[in-house]
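These are the residues of each chain, in order.
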Amino acid sequence: MRWPALAHLTTASVLRLPKGSRLRHAVLERVARAGYEAWNRDDLEPARAYADPNIEVHVATASDSPVGFDDVYRGPDGYCRMMEEWSGAWRSWRIELEDVIEVALDKVLVTGRHIGVGLASGAEIEQWGAVLYTFRRGRILRVDVFFFADKDTVSEIVTSIADDARVAEQNAITSSS
């Protein structure tokens, strides 16, 4: 990443656009796809550049998850370590993004399919995931990661997160009136 400060300013500006704006959605989707493509190449520099110094990563996995994670990772190094732990469990792997959903002005939910071949077992796996990113001033402040074996469970998580965000927005509008 050549100019990380410019990237933060650009992201902060895009996040100030109205939720649902076509420009906002197009830029957020492009940034998400570029970030996941970088991770697919084992390039974690964009992740480190977009991470707030106080970033926290929270991971929720199904009991049959092929990778063991800590409950919380802190700081840009912790954020990258979580991604390295995922990458290190596979002989080969890739993420195929499915959707980028604007949950709130400072929250973006990304869903996708993780496909890989186990490092030790050689077993092929397909796992679904959803990642909720919370931003502060153009940087990622919090990451909530959900890995599950099936797409239906991820769909339930997405619906729940979107419903919670709508309720929070309504409460904010009501309390400001």
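Only a predicted model underlies this, so the values are computations on that prediction, with no experimental measurement involved.

Enquirer: Explain helix H5 (residues 151-176) here, please?
Expert: Between the first and last C-alpha of H5 there are 38 Å, a value that for 26 residues agrees with the 38 Å anticipated at 1.5 Å per step. Here H5 has its buried residues at Val154, Val158, Ile161, Ala162 and Ala165. Turning to H5, the residues buried within the fold contact strand E3 (90-104), strand E4 (107-118), strand E5 (124-136) and strand E6 (139-148).

Enquirer: Would you mind showing me how to read the packing of aromatic side chains here?
Expert: To describe a pair of aromatic rings, you give the distance between the ring centres and the angle between the ring planes. Across all of its chains, the model carries six aromatic pairs by this definition. Look at Trp86 and Phe147: their rings are 4.6 Å apart centre to centre, the planes differ by 5°, and that puts the pair in the stacked class. Residue Trp86 is found in helix H4 (residues 75-88), and its partner Phe147 is found in strand E6; the two are separated by 61 residues along the sequence.

Enquirer: What's the story with the pairing of E5 in this structure? I'm lost.
Expert: Consecutive side chains of a regular strand alternate in pointing toward one face of the sheet and then the other. Where E4 and E5 come together, 11 bridges link them in antiparallel fashion. For Leu109, the partnering residue across the bridge sits in E5 and is Leu132. Following E4, the chain reverses through five residues before pairing antiparallel with E5; Gly122 in that reversal takes a positive phi of roughly 75°. Sheet topology places E5 next to E6; nine bridges connect them, and they run antiparallel. The residue bridging Phe135 from the neighbouring strand is Ile140, located in E6.

So, how was this worked out
Within every chain, residues take consecutive numbers counted from 1 along the sequence as written. This being a predicted model, a pLDDT of at least 70 is required before a residue's local features are given, and a value of 80 or more before pairs of side-chain atoms are given or counted; all residues contribute to the totals for chains, interfaces and linings. No hydrogens and no water enter the side-chain calculation; it runs on all heavy atoms of the structure. A run of H or I in DSSP becomes a helix once it reaches four residues, and a run of E becomes a strand once it reaches two; helices and strands are each numbered from the N terminus. For a helix, the expected span equals 1.5 Å multiplied by the residue count minus one. Burial classes: relative accessible area under 20% of the type maximum marks a residue as buried, over 50% as exposed, and values in between as partly exposed (1.4 Å probe, protein chains only). When checking whether two residues touch, look at their non-hydrogen atoms; a contact exists if any pair is within 4.5 Å. Each Phe, Tyr or Trp ring (for Trp, its six-membered ring) is paired with any other whose centre lies within 6.5 Å, and the angle between the two planes then decides the class: stacked below 30 degrees, edge-to-face above 60, tilted in between. At least two DSSP bridges between two strands are required for those strands to pair.

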